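Reading the structure
Read off the chains here:
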Protein chains: 2
Amino acid sequence: MVREVLSTRSWWGWGTVEGAVTGNERAALVERVAALLPGQDLTDHEPPDPVDLALPPARLRPPDSLAGCTSDDVTDRAAHAHGKAFRDVVRNLHGDLRHVPDLVVRPSTEQQVVDVLDWCGSAGVAVIPYGGGSSVVGGVEPRCTGYPGVVSLDLGRLDRVIEIDTTSRAARVQAGVFGPHLEDQLRPSGLTLRHFPQSFEFSTLGGWLATRASGHYATLTTHIDDLTESLRVVSPVGISESRRLPGSGAGPSPDRMFLGSEGTLGVITEAWMRLRDRPQHRAGASVRFADYPAAVAATRDIAQSGLHPSNCRLLDAAEAFLNAGVSAGGGVLVLAFESADHPVDASLARAVELCREHGGVVDAGPTRVSDDWRSSFLRMPYQRDALARIGMVVETFETACTWDRFEALHAAVTEAAQAAIREVCGVGVITCRFTHVYPDGPAPYFGVYAAGKWGSTVAQWDEIKAAVSEAIAAHGGTITHHHAVGRDHRPWYDRQRPEPFALALTAAKAALDPAGILNPGVLLPEPGVRGRVTW
Amino acid sequence: MVREVLSTRSWWGWGTVEGAVTGNERAALVERVAALLPGQDLTDHEPPDPVDLALPPARLRPPDSLAGCTSDDVTDRAAHAHGKAFRDVVRNLHGDLRHVPDLVVRPSTEQQVVDVLDWCGSAGVAVIPYGGGSSVVGGVEPRCTGYPGVVSLDLGRLDRVIEIDTTSRAARVQAGVFGPHLEDQLRPSGLTLRHFPQSFEFSTLGGWLATRASGHYATLTTHIDDLTESLRVVSPVGISESRRLPGSGAGPSPDRMFLGSEGTLGVITEAWMRLRDRPQHRAGASVRFADYPAAVAATRDIAQSGLHPSNCRLLDAAEAFLNAGVSAGGGVLVLAFESADHPVDASLARAVELCREHGGVVDAGPTRVSDDWRSSFLRMPYQRDALARIGMVVETFETACTWDRFEALHAAVTEAAQAAIREVCGVGVITCRFTHVYPDGPAPYFGVYAAGKWGSTVAQWDEIKAAVSEAIAAHGGTITHHHAVGRDHRPWYDRQRPEPFALALTAAKAALDPAGILNPGVLLPEPGVRGRVTW
């Protein structure tokens, strides 16, 4: 077997080792926290070396044909044990790796994916499809019992753009490609996917598709679903490939069954993705409000105007202050328009006019908030790690609801978070921004920053998370707009999902994955008995 | 049991008896055909009275609790035996009703829908959900064997708008409502669904949802899918109701499983639909081209421009001449923009500029083609009936494909149609227009007008249809962009659909409809053995 070197990827935290927050950046961050939380213990906790963790030995040996792409290296296995949620990172820092894959397999051909499923199917071994490993919902964690072993199926070597159709503006892309490498390969054609989730640098096309990720666009093409022309998926019973179609009304959409299936129905190996020309025309502004309900009303008017801004991010007062350094009692709306074809100044002007009707004031330096915010966007996960190391509770959660319910949902979630923070942390703050807006409702994204107690921060966060999830469920929100379900959202997803749909999905899963080996415990309960699967 | 009077709906043809083409309109139509086809037998054939057809007696009696909403009237049953395709209308004219439902049940409450499914499930009776009956793919025809009886479940009494949320711009609507009655109920709120398929007057919301109908908008919200916020569906194993959400990433979308399920998984009884404000700003133009490939290239540029026209209908030369009376060797592009919020003149100007770059010439009377075309749009099915009565073969079919494949698909379909027309009809013409356009491809809609032989026109059409469907399949098109699959598209749908998805859909169907009573033969094969269903 091959011993993989993880290049410079961090095994325990976000991104690369080199990208971590250190030196002056770290000092300034700690100083800011210390000023807000006098007396708080801010001791830094180094991650352990996985070699010292006495992980259980791998229970599996791959067939000879797969040995060349299989690793049982301890650090490699440790790096594939968790996603990148706050609770994952903290457990890594504590060396708390209860569930570790036995092997990491890195196929470089689709046939090897087929071979892995064949081998694991016959051996009853669980398979966890793995893209960039940026799940924040326990989606890649082998938290499953009753299997003789678990394989983490890392698709990172399937990373090529195979074909570009410049006429239809679409590309056939292997699913394991990371965001930057995808855009690099598209660049010579002048086309771009422009799907930029916060995880962009360290997540893959296949991961985006399997989890219905959302990206750059605040309106219209919010989820990766909308950019998908066709999918190729290896299931244990065969390969599913949909026809390349711009639109179809032939029965329920096959692609829509695999989009969001989170590795439970098959392994996405390729997709034809819709591309676009790079934007040539841009316009943006940030608008301050004294009153939050007025800011929400202005944002709703824009969402319902048909102007289709590419960015329409309403930061509440706390979010604007903490992440953009701007004081605005009612928050700041960051607006942007873009087009490859025509000027968008008139669209921006109309959006700003709608804001003014609700008391909005355009910032003198129109793009300042936007630029500041964008530059910190990709740093946020690194800063989260630095804060996790000094015992802070730092995490995000998100939802979507209709406009008529937003005010009550926002109040209930805020209240639930604040009560839980008081109860379990003492001091903390909750912030809210809209990541995406629809004519019928916003997608609010919340951040929690609270004073933790080292050794208890996972439990503290879990209590806050349970409280806010109950508030979301009680007020008709979805348990996730784009973070997926995984294992961690299951209690609320199970209530949200219509029961007949659960029956249908369970039956579909049993048909495609009769041995029940694919990502057990995600979306659906882990089969009770192996071999003779009861769902 | 109640004897239903069918008001003025035609039992055999499109729409109402009063709407039929008669008098001067009919004389002009026949004269035009006679001029084109000298020597053709154009004898008019009256529809028979169903009372004279000696239909088999109903094999079922409803339970007493459902007797009040059940009809076994012969004309009622005959009217529910077929959809409204050319082959349906012609078979009606011939009195060829081989498969007729035993009963027509018209529930006025959702509980009665539950009761019908309970009764039919326990008795093994097939149930065909029926909206407006405008299927053109055999979707409502009880062409199923091995059942002791068939119920046509007519949802027309579930016709109310129950609730309007003006903040989120959405309405909770019962599925049996017809288009005009839906818009009437929405009008006081100032909101509109603006979903206008050609069948608008005689089709229902539930039918649109079950078949993934497409409507008014040439871009963005082309299918009813995009206007759907949540669905309520009665399945034999329980009621499925999704949460009202503007967007969600929680697993595969439950709604997307029922959208396009064509009555095979459950009966849609309610939906929350996304509405919009009525348009205040409009702009339109029609642009003539000398060269069809140039016209296609211009249309593609507009589809990829992000201008989002509400109408972007490219009529080829034959279509422009036959249906709009315009001579243009390369066809006519009918463009329209609309907005409730802002002027759209700049968008039209940019679209026209793109046309000029490809040699397009704007018509002096910019909306003439548009207005003429629109006024004839709703008359077309009536005219089709009049032509069917005089022995013409008149039908449409449609697809969608990526731009890179359009030229070859168009050539192959045209050639296949012309060859089949020559072979089976002698003389005829095929026309093409785009009903919808996407950044990655158009949805071409074809019309066939051919000289038939009375008594053989169904067989003649079936041969043409098979030929063009093979051409569509061979060139990567979908067997339907918005006409659904039903029973008639099954041979091509079965090849288009990925096999693993067929397994998953079959399993989902078995989970939701364990007795296999729901619209058997649609999308999936009819169960081989009743009672103990084998899929």
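Since this is a predicted model, take the numbers as computed values, not measurements. (Residues numbered from 1 in each chain as written. Chains lettered and ligands numbered in written order. Predicted model: local features only at pLDDT ≥ 70, side-chain atom pairs only at ≥ 80, totals over all residues. Heavy atoms only, no water.)

Notes on the UniProt feature "domain: FAD-binding PCMH-type" (unreviewed entry) in chain A
Just so we agree on the cut-off: UniProt positions are given in the numbering used here, feature names are shortened, and annotations may be inferred rather than shown by experiment. Every helix listed is a DSSP run of H or I at least four residues long, and every strand listed is a run of E at least two residues long, numbered separately from the N terminus.
With numbering matched to this structure, UniProt assigns "domain: FAD-binding PCMH-type" (unreviewed entry) to residues 97–278 of chain A. The span residues 97–278 of chain A carries 19% helix and 26% strand; its end-to-end C-alpha distance comes to 43 Å.

Focus on the interface of chain B and chain A
Definition in use: Whether two residues touch is decided by their heavy atoms; if any such pair falls within 4.5 Å, the residues are in contact. Using a 1.4 Å probe, buried area is obtained as the accessible area two parts lose upon being combined, added over both of them. One speaks of a salt bridge when a side-chain nitrogen belonging to Lys or Arg is within 4 Å of a carboxyl oxygen belonging to Asp or Glu. Each polar contact in these results corresponds to two N or O atoms within 3.5 Å; when the atoms are within protein, one needs to be able to donate a hydrogen and the other to accept it, and residues that are neighboring in sequence are counted only if both atoms are side-chain atoms.
At the junction of the two partners, chain B supplies 79 residues and chain A supplies 79 residues. Buried area between chain B and chain A, both sides added, is near 6,100 Å², and the carbon and sulfur share of it is 59%. As a salt-bridge pair, Asp341(A) and Arg350(B) come within 2.7 Å of each other at their nearest N and O atoms. At the junction of chain B with chain A, the criterion picks out 28 residue pairs in polar contact (both at pLDDT 80 or more). By residue number, the principal contributor to the side of chain B that touches chain A is helix α17 (residues 499–512) of chain B, which donates 9 residues.

Topic: the UniProt feature "site: Important for enzyme activity" (unreviewed entry) in chain A
Per the UniProt record, "site: Important for enzyme activity" (unreviewed entry) is found at Arg313(A). Of note, Arg313(A) is situated in strand β13 (residues 311–315).

Looking at the relation of the copies chain B and chain A
For the pair of chain copies, the relating transformation is a rotation about an axis with a translation along it. Which entries qualify depends on this criterion: Residues reaching a pLDDT of at least 70 in both copies supply the C-alpha atoms on which the copies are superposed by least squares.
At an RMSD of 0.0 Å, chain B and chain A line up after a rotation of 180° and a shift of 0.0 Å along the axis. Here the copies are linked by what is in effect a two-fold axis. Most of the interface of chain B is mirrored in chain A: 100% of its interface residues are interface residues there too.

Considerations on the sheet that holds strand β2 (residues 103–105) of chain B
Paired through their backbone hydrogen bonds, the strands of a sheet run either parallel or antiparallel. All names here are of chain B. Convention followed: Only strands joined by at least two bridges in the DSSP assignment are considered to pair. Whenever a helix is involved, its axis is fitted only over the stretch in contact; in every case the axis is a line through C-alpha atoms, and angles between N-to-C directions fall within 0 to 180 degrees.
Taking strand neighbours across the sheet as the criterion, the 4 strands line up as β1-β2-β4-β3 in an open arrangement whose pairing is mixed. The open sheet has two free edges, formed respectively by β1 (70–71) and β3 (126–130), since each of these has just one partner strand. Strand direction decides the pairing type here: β1 and β2, joined by 2 bridges, are antiparallel. Opposite Ser71, over in β2, you have Val104 as the bridge partner. The strands that helix α5 (residues 110–123) touches are β2, β3 and β4 (150–154); relative to β4, the one it contacts most, it runs at about 170°.

Remarks on the packing of helix α1 (residues 23–36) of chain B against helix α13 (residues 380–389) of chain B
All names here are of chain B. Stated formally: These descriptions rest on fixed angle ranges, namely under 35 degrees for roughly parallel, over 145 for roughly antiparallel, 65 to 115 for roughly perpendicular, and the rest for oblique. Crossing handedness follows the turn of the near helix against the far one: under a right angle anticlockwise gives a left-handed crossing, and clockwise gives a right-handed one. Each residue gets one of three labels, nonpolar for Ala, Val, Leu, Ile, Met, Phe, Trp, Tyr, Cys and Pro, charged for Asp, Glu, Lys and Arg, and polar for the others, Gly among them.
In contact at an axis separation of 11 Å, α1 and α13 are set at 60° when each is read in the N-to-C sense. What the angle tells us is that α1 and α13 run oblique. Judged by the sense of rotation from one axis to the other, the crossing of α1 with α13 is right-handed. Each of Glu25, Leu29 and Val33 in α1 lies in contact with α13, whose residues at this interface are Gln383, Ala386 and Leu387. Each residue belonging to the contact of α1 with α13 can be placed in one class, and the counts come to 4 nonpolar, 1 polar and 1 charged.

Quick word on helix α10 (residues 317–324) of chain B
Residue and element names in this part refer to chain B. For the record, the criterion: Exposed residues in this analysis have more than 50% of their type's maximum accessible area, buried residues have under 20%, and partly exposed residues fall in between, with area computed by a 1.4 Å probe over protein chains only. This arc describes the spread of directions from the helix axis toward the C-beta atoms.
Looking only at α10, the buried set comprises Glu319, Ala320, Asn323 and Ala324. Across the axial projection of α10, the buried residues extend over an arc of 100°, all falling on one side. One or two residues past the end of α10 sits Gly325, with phi positive at roughly 65°.

Observations concerning the pattern of salt bridges
Inspection of the entire model under this criterion finds 75 salt bridges over all chains. A salt bridge links Arg87(B) to Asp462(B); the shortest N-O distance between them is 2.9 Å. Remark: Asp462(B) occurs in helix α15 (residues 457–474) and Arg87(B) occurs in helix α4 (residues 86–93); sequence separation between them is 375 residues. On the basis of relative accessible area, Arg87(B) is assigned to the buried category, the value being 16%. Several salt bridges share partner residues, and in doing so they unite Asp88(A), Arg91(A), Glu141(A), Arg143(A) and Asp488(A) into one network.

Observations regarding the environment of Pro293(B)
Residues and elements named next belong to chain B. Of note, Pro293 is situated in helix α9 (residues 292–303). Here Pro293 falls in the exposed class, since its relative accessible area comes to 52%. Considering only alpha carbons, one finds Pro293 and His358, 65 residues apart in sequence, at a separation of 9.3 Å.

Overview of the environment of Glu407(B)
All names here are of chain B. Tracing the sequence through the fold places Glu407 in helix α14 (residues 403–424). According to the relative accessible area criterion, Glu407 is exposed, its value standing at 64%. Taking the C-alpha atoms as reference points, Glu407 and Val296, 111 residues apart in sequence, are found 9.0 Å from one another.

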